[in-house]
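Results of the structural survey
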Amino acid sequence: MRFVDFLAQVIRIAIPYLFAAAGGVMAEKAGVVSLALEGFMLSGAFAAVLGSFYSGSPWIGLLCGIVAGLLFGLVHAVASIRYRADQIVVGIAINLLVIGITRFFLRLAFDSSSNSPRVAGFSEPAQGNIFLASLSNPLVWAGLLSVPLLTWVMYRTPFGLRIRAVGEHPEAAETLGIRVPRVRYGAVALSGMLAAMGGVYLALDQHQFTDGMTAGRGFIALAAIIFGRWDPARAGIACLLFAAAETLQIQLQGTQAIPSQFVQMIPYVLTIVALAGVVKRSVPPAALGRSAD
Amino acid sequence: MRKLLILVGILLFIHVTLLFVRPPGAAEEPEGEAVDVGIVFDVGGRGDKSFNDGAYLGADRAVETLDARVRFIEPGEGSDREAGLRLLAAEGMDLVAGIGFIFTDDLRELATEYPSIAFAGVDYAVQVGDDGKIIPPPANLAALKFREEEGSFLAGALAVLAGGSKRLGFVGGMDIPLIHKFEAGYRAGVKHVCPDCTVIAQYAGVTPEAFRNPGKGKELALSQYQSGVNVIFHASGSTGLGVFEAARQLGKLVIGVDADQQSEAPGHVLTSMVKGVDAVTYDAIKRVKEGTFKGGVYSYGLAEGGVGYIYDEHNKRLIPDAVRARVEQLKLDIIAGRITVPSTR
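Residues numbered from 1 in each chain as written. Chains lettered and ligands numbered in written order. Predicted model: local features only at pLDDT ≥ 70, side-chain atom pairs only at ≥ 80, totals over all residues.

Examining the overall build of chain A
Scanning chain A for helices and strands turns up 12 helices and zero strands. Along chain A, helices and strands appear, N-terminal first, in the series α-α-α-α-α-α-α-α-α-α-α-α. Its C-alpha atoms give chain A a radius of gyration of 19 Å, near enough to 19 Å, the size a compact globule of 293 residues would have. Judged by the C-alpha coordinates and their principal axes, chain A covers about 60 × 45 × 30 Å. Classification of the 293 residues of chain A by burial places 54% in the buried group. (Helix = DSSP H or I, 4+ residues; strand = E, 2+ residues; numbered from the N terminus. Rg over C-alpha atoms; globule rule 2.2 N^0.38 Å. Buried ≥ 20, exposed ≤ 12 C-beta atoms within 10 Å, placed from the backbone.)

Pasting the structure below:
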């Protein structure tokens, strides 16, 4: 396998992680635990397929996916900020809710409990060259750009400064006149939209929705965030690393050289080793999970 | 806080009220000697165009021709499965069927608990004791198994003869013995007609999630196709949908599984290795109705028509007549016992 193909595969696998990790960093920096990434992604995937199916345009699908992420982000925000529910519980609840809702509407719209019909997507069959097909997918570019963009927003804009402030010390931020809930609402809503785009990418790349198709990718993104010490750039690198491990696993599984059980362990072992040894102490935002009064 | 309590109270009230609402028609039970059948579906549920739909079709036929009354339960996540079976057993159904290997332990447990009810498990994983002998299932439990390796053998032979490459691909879902049967048969089929061909076999994962991860399936297939593979046989549920997508993108071929998957990527589906879940389900219901139901292990292969491959107007142009004749001959050889197909790797 050529190096370009390897790289292209790493990037294709990393895109959903990058979107979800970008969204997760945003919410967690604002002090809201982001366990619902998986749910945001799945809702985005489903809404994108609905939109693309009824309009025939992947762009409408993308828009629908983002709106779905926004809606579930707002549900998360209302429950955890307005009603100060435990953020971990809210996150898990949203994940379960989205699994149920997508399945329900899948049955309603397409009369199937497992997958939707084929819809229009960005990567039309280019017959032969998947590398070029990947490059022609705007969501690949958006995913790659999401991390530098997030870094810029977090460290170069007043909004980013406010997000970091409410995540570290909401009381202090409040005395400076920052409206803590409002900043958190914004961060969580944006987080939902970003993570949903990861789901949109997955679904449109497959040209269909499959029940539970995110398959734990939201949690891998969460691991990447912790691995990256809540820093957008480091989390992005962590995503690429996880994707590279997965690609390696796929490539090595084809050869008979190493027992497949060992090969399939690679991503998990890498995660544990990285979290336990390589990374310096991973310090979350000080006010993570704490609601501001 | 009080507002919340009132809200919860109202919701609870509505919930409890709805428990007593019965849709019109639900109350009237047809009289007579009808068989009551309860079926619990596997992950994926109805509309998967494959496994569960097969069981549904078989049950549907039983409703029409055998006057069976069938109740379906589609479990959500994990723990609901056992609860679904238990509910049906407790309601005193004549036959309770679990569709999928995943019900194995639950069925065995319930069959001992309700000895007067007939149980059936499609793809039931028969246990093997320490001495290598098969531990028979309880007397009221029929283990309905397929010899997938026989159908997969033909798929492998077909892949070599019609694919035009010495590298053959296999994408499995969860890395478990049931899926290894597909791989083993496929490998044997490939080697039988082309001893120096290589089979690249890959699995999507080690959890049930591996059956519904099309993203992973697509990446596995893309890397196989890029390494010179022309035909991939998948046995991976919804994960396989990604394999079809990859075949479309690169203009390659796929062999579908369980049901005729021609429509997933028209023009790219060489054939499908089909399992007669419908016939088997129907058969079990029929035997309960006739009072001839017996527990034990039932095995359906090429000879019984339990497995097979698709050859029709959609894939005719992909399969030359000479190839078709060769594969048909292999089929006869397997049925006659001249070829024995391994079921383990």
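We are not done yet, so read on.
Here we look at the interface of chain B and chain A
Taken together, the contact between chain B and chain A spans 32 residues of the former and 31 residues of the latter. Listing elements by their share of the side of chain B that touches chain A, those giving two or more residues are β9 (198-205), α7 (214-226) and α8 (240-250) of chain B. No other element matches the nine residues that α7(B) contributes to the side of chain B that touches chain A. Of the residues belonging to the side of chain B that touches chain A, the class tally is eight nonpolar, 14 polar and 10 charged. (Contact = placed C-beta atoms within 7 Å. Nonpolar A, V, L, I, M, F, W, Y, C, P; charged D, E, K, R; others polar.)

Focus on the sheet that holds strand β13 (residues 296-300) of chain B
Residues and elements named next belong to chain B. With parallel pairing, six strands are arranged side by side in an open sheet as β2-β1-β3-β4-β7-β13. In this open sheet, the two strands that pair with only one neighbour each are β2 (69-73) and β13. When the angles between neighbouring strand axes are averaged without regard to direction, this sheet yields 20°. Strands in contact with helix α4 (residues 104-113) are β3 (95-99), β4 (118-122) and β7 (141-146); relative to β4, the strand with the most contacts, it is inclined by about 170°. (Pairing = 2+ DSSP bridges. Axes fitted to C-alpha atoms, helices over the stretch in contact; angles between N-to-C directions.)

Structural notes on the confidence of the model for chain B
The predicted coordinates ought not to be read in detail in places where the model reports low pLDDT. Of the residues in chain B, 95% reach a pLDDT of 70 or more, and the chain-wide mean stands at 88. Across the predicted assembly, pTM comes out at 0.86 and ipTM at 0.89. (pLDDT = per-residue confidence, 0-100.)

Remarks on the domain arrangement of chain B
Residue and element names in this part refer to chain B. Segmentation of chain B into domains returns domain 1 (33-146 + 279-300) and domain 2 (148-275 + 311-336). Of note, the centres of domain 1 and domain 2, computed from C-alpha atoms alone, are 28 Å apart. Among the elements that make up the side of domain 1 that touches domain 2, the one with the highest residue count is helix α2 (residues 51-66) (three residues). (Domains from an automatic or database assignment.)

Notes on the sheet that holds strand β11 (residues 253-258) of chain B
Residues and elements named next belong to chain B. Read from one edge of the open sheet, six strands run β9-β8-β10-β11-β12-β14, paired in mixed fashion. Looking along the sheet, the strands with just one partner apiece sit at the ends: β9 and β14 (307-309). Strand-to-strand twist across the sheet, computed as the mean angle between neighbouring axes with direction ignored, equals 15°. Bridge count for strand β8 (residues 167-174) against strand β10 (residues 231-235) is four bridges, and the pairing is parallel. Among the inter-strand pairings, F170 is bridged to a residue of β10, identified as F233. The sheet contacts of helix α6 (residues 177-193) involve β8, β9 and β10, and relative to β8 the element is tilted by about 170°.

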